[in-house]
Amino acid sequence: MNHRGELLSLLAQKSFALGQFKLSSGGTSDYYVDCRVTTLSAAGAHLTGLVFLNEIRNRGWNPAAIGGLTMGADPIVTAVSIASVLEGTGEIEGFLVRKAEKEHGMKNRIEGFKGKGSRVVIVDDVCTTGSSTIQAIAAAREFGFEVTGVMCLVERLEAMGRPAVESEAGGAPFVSVFTSDEVRVRHVELKGAAK
Ligand SMILES: O=P(O)(O)OC[C@H]1O[C@H](OP(=O)(O)OP(=O)(O)O)[C@H](O)[C@@H]1O
Ligand SMILES: O=C(O)c1cc(=O)[nH]c(=O)[nH]1
């Protein structure tokens, strides 16, 4: 199995759950993808870094940095920056966007990489309404980054967040690695095989 297939299986096994869940937007859903269980696992972090890096390179984006809204983006950002060193394809720095500006110290909203004018990729683990991704894009632009692409690990198509994200991205492509439907199908397949 390739890295993308392995990552899909991990998400399906570790992160996907059926049930009644309240979402960040205030909506409800009959399923949830707790991506952090995957992106913070040793194997999942490794695969996440490789799969995102591969997508970034295949699209020819060549960003100076990758970043996103804490905390869904946190493990993805670190995984990609480490993978960029290990793969020797050119280093990609990391930054995180706080939900609100820090009130003491340097009073930062953006933590980590601070190369104003640099090309960056914005990431999140899940895109539902797109509100979190949109906040990260807006904060990155306000800081002085140029957003060259936007990525999420799992896109929940039924929530129809894509048009809003694409509008905020202003022409930068929005790429999802998986749809939640793909994760659900793999989850059901693996459950069936385990019986
Ligand atoms: O597309 P949206 O409607 O914004 O929903 C998706 C967001 O929800 C989750 O974060 P959450 O708000 O639970 O916060 P957390 O990362 O701090 O746990 C997830 O990590 C995404 O960032
Ligand atoms: O919309 C959300 O809050 C959300 C959905 C989901 O499946 N996973 C997640 O981490 N957040």
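First things first, this report covers the structure right here in the doc. None of these values were measured; they are calculated from a predicted model. Each residue is numbered by its place in its chain's sequence as written, counting from 1. The order in which chains are written sets their letters, starting at A; the order in which ligands are written sets their numbers, starting at 1. Side-chain atom pairs in this predicted model are given and counted only at pLDDT of 80 or more, local residue features only at pLDDT of at least 70, and totals for whole chains, interfaces and linings cover all residues. Working from all heavy atoms in the structure, the side-chain values ignore hydrogens and water.

## Digging into the overall build of the chain
Secondary structure is summarised from DSSP: a helix means a run of H or I of at least four residues, a strand means a run of E of at least two, and numbering begins at the N terminus for each. Within the chain, the regular secondary structure consists of seven helices and eight strands. Computed over its C-alpha atoms, the radius of gyration of the chain comes to 16 Å, within 12% of the 16 Å expected for a compact globule of 195 residues. Principal-axis analysis of the C-alpha atoms gives the chain an extent of 55 × 40 × 35 Å. Should any heavy atoms of two residues lie within 4.5 Å, those residues are counted as being in contact. At a minimum sequence separation of 6, the contacts of the chain that also span at least 24 residues come to 70%. For the chain, the exposed surface amounts to about 9400 Å²; the carbon and sulfur share of it is 52%. C-alpha atoms define the radius of gyration in this analysis, and the globule rule sets the expected value at 2.2 Å times the number of residues to the power 0.38. Areas reported as accessible are Shrake-Rupley estimates using a 1.4 Å probe. Residue values count occlusion only from the protein chains shown.

## Details of the packing of helix 3 (residues 42–58) against helix 4 (residues 74–87)
Each axis is a line fitted through C-alpha atoms, and for a helix only the stretch in contact is used; angles between axes span 0 to 180 degrees, taken between their N-to-C directions. Interaxial distance between helix 3 and helix 4 falls to 8 Å at its minimum, and their mutual angle equals 70 degrees. When the axis of helix 3 is compared with that of helix 4, the two are roughly perpendicular. Across from Ala-45, Thr-48, Gly-49, Leu-50, Phe-52, Leu-53 and Ile-56 in helix 3, the residues of helix 4 making contact are Ile-76, Ala-79, Val-80, Ala-83, Ser-84 and Glu-87. Class assignment for the residues of the contact of helix 3 with helix 4 results in nine nonpolar, three polar and one charged. By the definition adopted for this analysis, an angle is roughly parallel if under 35 degrees, roughly antiparallel if over 145, roughly perpendicular if from 65 to 115, and oblique otherwise. Note on residue classes: Ala, Val, Leu, Ile, Met, Phe, Trp, Tyr, Cys and Pro are nonpolar, Asp, Glu, Lys and Arg are charged, and everything else, Gly too, is polar.

## Remarks on helix 1 (residues 3–15)
By this rule the span expected of a helix is its residue count minus one, scaled by 1.5 Å. The terminal C-alpha atoms of helix 1 lie 17 Å apart, and with 13 residues this matches the ideal 18 Å at 1.5 Å per residue to within 8%. Relative accessible area decides the class of each residue, using a 1.4 Å probe on protein chains only: under 20% of the type maximum gives buried, over 50% gives exposed, and in between gives partly exposed. Among all positions of helix 1, only Gly-5, Leu-7, Leu-8, Ser-9, Leu-10, Leu-11, Ala-12 and Ser-15 are buried.

## Details of the pattern of salt bridges
One speaks of a salt bridge when a side-chain nitrogen belonging to Lys or Arg is within 4 Å of a carboxyl oxygen belonging to Asp or Glu. With the rule as written, the count across this model stands at nine salt bridges. Residue Arg-184 is joined to Asp-30 by a salt bridge in which the shortest nitrogen-to-oxygen separation is 3.3 Å. In this pair, Arg-184 sits in helix 7 (residues 180–194) while Asp-30 sits in strand 2 (residues 28–33), placing the two residues 154 residues apart along the sequence. A residue is classified by how much of its surface remains accessible, and Arg-184, at 27% relative accessible area, is partly exposed. A salt bridge links Arg-59 to Glu-55; the nearest nitrogen and oxygen atoms lie 2.9 Å apart. For Glu-55, a relative accessible area of 22% gives the class partly exposed.

## Brief notes about the site of ligand 1
Arg-36, Lys-99, Asp-125, Thr-129 and Ser-132 are the nearest of the 14 residues found near ligand 1. A distance of 3.3 Å separates an oxygen atom of ligand 1 from a polar atom in the backbone of Gly-72. Contributions of two or more residues to the shell around ligand 1 are made by strand 6 (119–127) and helix 5 (131–143). The leading source of residues in the shell around ligand 1 is strand 6, at four residues. A breakdown of the residues in the shell around ligand 1 according to their chemical character gives three nonpolar, seven polar and four charged. It suffices for a single heavy atom of a residue to lie within 4 Å of a molecule or strand for the residue to be listed as near it. Polar contact criterion, stated in full: a pair of N or O atoms within 3.5 Å, where within protein one must be able to donate a hydrogen and the other to accept it, and residues adjacent in sequence count only if both atoms are side-chain atoms.

Just geometry here; none of it tells us what the structure is for.
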